[in-house]
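If you want the building blocks of each chain, they are given just below.
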Amino acid sequence: MSMAQLRRTASLKSETHNEKSSIDEKEKQGITSHALEALSSESAQEEDVSVIQKAEDVALQIITTDDDENAPVFTFRSIFLGIGLSAFGAVLATIYTFKPQNATVSQLFSLIIAYVLGTSMHSVMPATGFWRYLNPGPFNIKEHTAIVIMSSTASTMAIATEIIAALDLFYDIKLNAAAAIFQTFATQMIGYGIAGILRRLLVYPTYAFYPSYISVVSLLQSLHFGGLLSHKKRRYFWIVFAAIFFWEWIPQYPFPLLTAISIICMADNGRHTFVRNLFGAGSSNEGIGLLSFSTSWTLITQGSPLVWPLQTQINSYIGMALGYIVLTSVYYGGIFNGRDLPFMSTSLFGSDGERYNQSLIITADARLNATALEEAGLPRYSSTFVVSQLCYNLSMGSSIVYIFLWHWKELKAAFGNFNFLRSGAEIDDPHYQAMKKYDEVPSWWYLALFVASLAIGIGCSYSTKTVLMPGWSIVVFTMLAAFLSIFLGFINATTGMSITIRYGVQILAAFIHPGQPITVMYANLYGSSSCLQTLSMLQDLKLGQYVKLPPRATFAAQMAGSVVGSVFNYAMMRSIVDANREVLLDPVGTRVWSGWIIQSLNSASVAMGALATELFTYGNPYWLVPFAIFIGMFIPIPFFLVHWYLTKKGMGESPVAKFAAYIQPPVLLLYIGWLPYSVNGQWWSCVIIGFASQWWARKHRPSWFKKYNYLTSAALDGGSQVILFILSFAVFGAAGKSVSFPTWWGNAADVSVDRCQST
């Protein structure tokens, strides 16, 4: 479809909704002809069988531009539920940070809870007299979205809180609560300031469609818009939600074998280490999961198989396929001197293969003790962790060049002549055009917020006896975050993928601040966390545009969510660390708690911060890791040149030219090093579901795909998140005491859950 046709489709959907929402009233008035016309229009929509061609077209063919500009946003309901669910989401996100599963708090989780509570408040509370101010009418989509933005902002676990945990666990440094909370809040607001400046490039245009958010918007509109089709969608949603709710507890608790089903592992039954390393996937850091399948949506959703564009998924699967070869070859080939270390671990190890005692080489003021280092020896990484860091840096370097080569036109339009400070009057995205009736947030608001937050961050850095990070360095790494946000934001907006830059930032910091691991961690806070926060804020700004939430209401919701999240992230982290210190320090952890995220952060700070010269300069053990950033910059060039040359010769539609354009080096490189963490039983299930959804259903069942694909993702995410939260507190120990399910064949005691490792 052309852009004009897509705009017409979005407009027709809006008109159809207006007709449907008033059909009952018209029937009462006897105007049956209009009702029949509305139903005919809706039937035509249900029979829409055109195939979505471009990935970004889903934003125009699935999401309507309909808007009720008189709907209230900040009501008693939205404020009460927004603050409450922000606290709830912040607590849950902190719990997941210390879990062996690499899980996150889905927006859909808060969205569903908010809908149930919001509609209940409307039904239960009186609506006359004074009460009409507290209950102004039916719970509407704008109230709902404001709550979702508040809670999702709070539910993003900030690196600031992870760093504070690392300081406590590995350096015995406890920051006072005020400094910790203000640091967290400041880095979030720095990201928000950057996001506001990038709106013209990464929010307003159609190409910035944020694939992961299509399911969120689809659900919001299905829940709140009237008409027969929306009624069918709501019924479908709750059926799928209930089904996964009652299923998910089975693989998560009584039958964990279902989280990672491997015929090879069951045949081997934990007898051979090689089988465990290559095929194991059920327990934390067990193996990389070749041919392992999962029935747990909590794990499967990490690959976003229903929402990521097929191109993104295929590039990630190619990367994983290469990863199976690279990771096993490096480990068993003895490369990086890690053959005697665990196959998967993010910890530091000594020459004896045991956990490295970093306290022996770090002084009381958190600096390197060179004399002690000679006695203790250099720490070592597991080989697979080295490969992972190397691939992350390759991906980071390739991201910059990839966006420059393939999207120079968009960059020039946004930044040429300082256009990013001006309105986007010429942007023809129908969702953006529908927002122009609302007052926009001026760019100077974002600039002022950015400067004020930077000042707060610098002040907090000088609030302890030891300066955590010099003010000039905070400025440098914040500017780096702003620069990288342009490229990483573009990738996230168009593919759904988030590129990790933590290792690259820490390496740069290590050479600027040699021998200072804590300063390197804080460089990561301002250089990496601020960038991640920018991406998160950009997504919420796009969500506001999709549902027509006034920009200033979005601004207020994000600010409120950040304040609440900063407080509760810190409080819950403090509780978990104090209660599970020894488990969080263990390189393997348990099935219930794991410190692998914090250990990874600490390992990088010590190895890169204190020992950059000894480990990462040319000729030393891991010199390829930092240089991978520069190597990565060259990888996208051959693909671009091949496509450019063939197109110039009139062969742009040839298989080779199409292949060159199809490859996304940042995604492919990232996924080569994606596997050596946590559990990996879900990826082969993702392959099957991804092709079934984004290829077969999109091509052969386009009508179903448009109506139900993204709604299915929302229902599965929502139901699995709700039951996992209940299990976390009921039996997994989030409330302080875990309750193990009795052992049986599907929950064996002497082997790991997938029977690949003896215990």
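Everything in this summary refers to the structure shown in the same document. Keep in mind that what you see is a predicted model, and the values were worked out from it rather than measured. What you see as residue numbers is a count from 1 along each chain, following the sequence as written. Owing to the predicted nature of the model, reporting of local features is limited to residues with pLDDT of at least 70; listing and counting of side-chain atom pairs is limited to 80 or more, with chain, interface and lining totals taken over all residues. No hydrogens and no water enter the side-chain calculation; it runs on all heavy atoms of the structure.

## Remarks on the overall build of the chain
Working step 1: Under the DSSP-based scheme used, a helix requires at least four consecutive residues in state H or I and a strand at least two consecutive residues in state E, with every element numbered from the N terminus. Secondary structure assignment for the chain yields 35 helices and zero strands.
Working step 2: Each residue's exposure class comes from its accessible area (1.4 Å probe, protein chains only) as a fraction of the maximum for that residue type: buried when under 20%, exposed when over 50%, partly exposed otherwise. Per-residue burial over the chain gives 61% buried out of 759 residues.
Working step 3: Two residues qualify as a contact provided that any one of their heavy atoms is within 4.5 Å of a heavy atom in the partner residue. For the chain, long-range pairs separated by at least 24 residues make up 81% of all intrachain contacts whose partners lie at least 6 apart in sequence.
Working step 4: Here the chain displays about 28500 Å² of accessible surface, and carbon together with sulfur accounts for 65% of that area. Accessibility throughout is a Shrake-Rupley quantity obtained with a 1.4 Å probe, and a residue counts as covered only by protein chains that appear here.

## As for the packing of aromatic side chains
Working step 1: Centres within 6.5 Å are what make two rings of Phe, Tyr or Trp a pair, Trp counting through its six-membered ring; a difference in plane orientation under 30 degrees is then read as stacked, over 60 as edge-to-face, and the rest as tilted. This model, assessed by the stated rule, comprises 44 aromatic pairs.
Working step 2: Here the aromatic rings of Tyr392 and Tyr677 are separated by 6.4 Å at their centres, their planes lie at 35°, and the arrangement is tilted. Of this pair, Tyr392 sits in helix α19 (residues 383–406) while Tyr677 sits in the loop between α33 (665–672) and α34 (683–700), placing them 285 residues apart in sequence.
Working step 3: The buried category is assigned to Tyr392, whose relative accessible area is 6%.

## A look at the state of the cysteines
Working step 1: Our working definition of a disulfide is a cysteine sulfur pair at a distance within 2.5 Å. One pass over the structure, following the stated rule, counts one disulfide.
Working step 2: One disulfide bridge connects Cys265 with Cys756, the sulfur atoms lying 1.9 Å from each other. Judged by the torsion about the S-S bond (-70°), the Cys265/Cys756 disulfide is left-handed. Of this pair, Cys265 sits in helix α14 (residues 263–268) while Cys756 sits in the segment after α35 (702–730); the two residues are 491 residues apart in sequence, bridging distant segments of the chain.
Working step 3: You can call Cys265 buried: its relative accessible area is 0%.

## Side note on the packing of helix α17 (residues 310–332) against α19
Working step 1: Only the stretch in contact is used when fitting a helix axis, every axis being a line fitted to C-alpha atoms; angles between N-to-C directions are given from 0 to 180 degrees. α19 packs onto α17 with a crossing angle of 135° between their chain directions and a minimal axis gap of 9 Å. One finds that α17 runs oblique with respect to α19. Relative to α19, α17 is oriented so that their crossing is right-handed. Residue-level inspection shows Val326, Leu327, Val330 and Tyr331 of α17 in contact with α19, the latter providing Ser383, Thr384 and Val387.
Working step 2: Residues were grouped as follows: Ala, Val, Leu, Ile, Met, Phe, Trp, Tyr, Cys and Pro as nonpolar; Asp, Glu, Lys and Arg as charged; and all remaining residues, including Gly, as polar. Counted by class, the contact of α17 with α19 contains five nonpolar, two polar and no charged residues. Convention used here: angles under 35 degrees read as roughly parallel, angles over 145 as roughly antiparallel, angles from 65 to 115 as roughly perpendicular, and any remaining angle as oblique. The hand of a helix crossing depends on one turn: near helix anticlockwise from the far one by less than a right angle means left-handed, and clockwise means right-handed.

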